[in-house]
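Below are the chains, spelled out letter by letter.
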Amino acid sequence: SHSHMATRLKEVDVVIVGLGWTGGILAKELSEAGMRVVALERGGMRSTNPDFAIPQIRDELKYASRHGLMQNPARDTLTFRHSQSEPALPMRQLGSFLPGEGLGGAGVHWNGVTWRWTGIDHALRSHYEQRYGRSFIPADMPVQDWPMTYAELEPYYDKFERTAGVSGKAGNLRGVKQPGGNVFEQPRDRDYPLPALEPSYSQMLFTDASSAAGYHPFPRPSANASRAYTNPDGSRLGACVYCGHCERFGCEANAKGSPHITVIPKAMAQPTFELRTHSWVTKVLLDSTKKKAIGVAYTDVSTGQEYEQPAGIVALCAYAINNVHLMLLSGIGTPYDPTNQKGIVGKNYCYQPGGGGVTLFFEDKVFNPFMASGAFGVTLDDFHANDQFDRAAMGAIGGATIAVGQSNGRPIGYRPVPAGTPRWGAEWKKATAKWYLRAMNIGVTASNMPNRFNAYDLDPTYKNVFGQPLLRLTYNFLE
């Protein structure tokens, strides 16, 4: 359908779809190795100055409430339903996941929390089967081990932490436990490139209380630079100013590890690299065997002109959801069928429950919630990374991290009031004034395992701006 009107371009070694963290890393590495690389980004060009300059970046309505840096759901979204028997409806507003649009992708507006997976996470099925028996994992939970171990990935975790300027404290240096760090983590070859961020008052209270109770609090690893930093590629980051406009915003201080200030400029400096913005990839082109990708079809959204870009390697580096969508639209692989559990594309979608938080209110303490960074916090890994509690007794797989962080105290979104407070009116105004400075939150991020019925496929009804079926997500939190 494209060939009649599409302009066919000259072949390159690599075409990269989406220029965020993944695309940016590949663009840098492959162009530095002398390959001819074209990156296609559906959004526009972005740079800290002018796009994230003060005061305009501190616009909570535009960026936090109205998702100014993110995918526009009026043009492309996904449809959602809870079970195979329900009709799916389009998500008109982004919610739990916030895919980026524009240079740097979601790496521009993320918070910067930078975990390494634990050893259990890498070998989930074998760990639980050895400890609790083969029948412990339910039949409808298609959990499997990763094909690579933590030890194999450790040098790459380290390389990313240094590229992004991660602030933190090691808890296990080559097998030696380090008090004050995460003593449950897998061994690290060396400490984080930057020391942990300054803890807030609420974090100090939580550290003291949880330590006294026998737990092991540690600073959450954050790609918010605790001080000015030059990474191994020579990219320079500024120090975090705790401005409270981090997640959903671009960083005015270049303190947040983001691809637009780290890897992407290094790719842009290579003569073998070319970036094309406003380039929306609609299809991966396959050879006659349908086994090999030979390029992509894309539309220049500013002109409507269609192009074909042949390439030796096609790298899908968009948000994971959009990669799956593009594979399904292009006929790559076998779409997953939950009934017979055959096929793999769209299989095993899982998310994370985070609803277990509590807000504490104090008459006699002041927390200054507006002094905040996206990712700083104090965390407990006591209920996630290890075998300190008996999963069999709970009938549970996985675990949770418990944390006190404070990403913002912004006026629209942050209005903590005790339960029972009226939702509006004079009493609500009194309460919001009284408690704004006097509340702190303890948050929970729990793991959620895949289920055979939680999956992606193409929606039979709804279409995107190019007339292509939307991606349909069937998902529920199941026992």
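Residues numbered from 1 in each chain as written. Predicted model: local features only at pLDDT ≥ 70, side-chain atom pairs only at ≥ 80, totals over all residues. Heavy atoms only, no water.

**What to know about a nonpolar patch on the surface**
Put simply, the rule reads: The patches reported here contain residues having more than 30% relative accessible area and no salt bridge. Joining distances are 9 Å for like charges and 5 Å for nonpolar side chains (Val, Leu, Ile, Met, Phe, Trp, Tyr). Here the accessible surface of atoms and residues is derived via Shrake-Rupley with a 1.4 Å probe, and residues count as covered only by protein chains that are part of the display. A pair is scored as a salt bridge if a Lys or Arg side-chain nitrogen falls within 4 Å of a carboxyl oxygen belonging to Asp or Glu. By the criteria applied, helices consist of DSSP H or I runs no shorter than four residues and strands consist of E runs no shorter than two, each listed in order from the N terminus.
A cluster of nonpolar residues, Val366, Phe370, Met371 and Leu437, forms a patch on the protein surface that exposes about 330 Å² of accessible area. Here Val366 is to be found in the loop between strand S15 (358-361) and strand S16 (377-380).

**Here's the deal with the sheet that holds strand S4 (residues 78-81)**
Here is the rule we go by: Here the rule is simple: two strands pair whenever DSSP picks up at least two bridges between them.
Judged by pairing direction, the sheet is mixed, and its 4 strands sit side by side in the order S5-S4-S20-S19 without closing on themselves. The open sheet has two free edges, formed respectively by strand S5 (89-90) and strand S19 (455-463), since each of these has just one partner strand. Here S4 runs beside strand S20 (residues 469-474); their pairing, made up of 4 bridges, is parallel. Looking at the pairing, Thr79 lines up with Arg472 of S20.

**Looking at the packing of aromatic side chains**
What counts, and what does not: Pairs were defined over the aromatic rings of Phe, Tyr and Trp, the Trp ring being its six-membered one, requiring ring centres within 6.5 Å. Orientation was assigned from the angle between planes: stacked under 30 degrees, edge-to-face over 60, tilted for the rest. Two conditions define a charge located above a ring, namely a distance within 6 Å from the ring centre to NZ of Lys or CZ of Arg, and an angle within 35 degrees of the ring normal.
Counted by the stated rule, this structure contains 22 aromatic pairs. Their ring planes at 75° and their centres at 5.7 Å tell us that Tyr414 and Tyr436 sit as a pair that is edge-to-face. Remark: Tyr436 occurs in the loop between helix H12 (426-435) and strand S18 (439-446) and Tyr414 occurs in the loop between strand S17 (400-405) and H12; sequence separation between them is 22 residues. In this structure an aromatic cluster arises from ring pairing among Tyr349, Tyr456, Tyr475 and Phe477. Above the face of the Tyr192 ring, Arg188 is positioned so that its terminal group lies 3.8 Å from the ring centre.

**Let's talk about helix H7 (residues 150-164)**
The condition is simple: One less than the number of residues in a helix, times 1.5 Å, gives the span that helix is expected to have. The rule is simple: take the accessible area with a 1.4 Å probe, protein chains only, and divide by the maximum for that residue type; under 20% is buried, over 50% is exposed, in between is partly exposed. Throughout, a residue-residue contact means that at least one pair of heavy atoms, one from each residue, lies within 4.5 Å.
With 15 residues, H7 extends 20 Å between its outermost C-alpha atoms, agreeing within 8% with the 21 Å of an ideal straight helix rising 1.5 Å per residue. If you check which residues of H7 are buried, you get Tyr150, Glu154, Tyr157, Asp158, Glu161, Arg162, Thr163 and Ala164. Looking at the buried residues of H7, the elements they touch are helix H1 (21-32), helix H5 (119-122), strand S9 (229-230), strand S10 (236-237) and helix H9 (263-268). Gly165 sits one or two positions beyond H7 and adopts a positive phi of about 70°.

**As for the pairing of strand S13 (residues 293-300)**
A large share of S13 lies buried, amounting to 6 of its 8 residues. With 7 bridges joining them, strand S12 (residues 279-286) and S13 adopt antiparallel strand pairing. If you follow Lys283 over to S13, its bridge partner there is Ala297. The turn linking S12 back onto S13 is made up of 6 residues, and Lys290 within it adopts a positive phi angle of 60°. One ladder, built from 5 bridges, connects S13 with strand S14 (residues 306-316); its direction is antiparallel. Paired with Thr299 across the strands is Glu306, a residue of S14. Hairpin connection between S13 and S14: a loop of 5 residues separates the two successive antiparallel strands, and Gly304 in this loop has a positive phi of roughly 85°.

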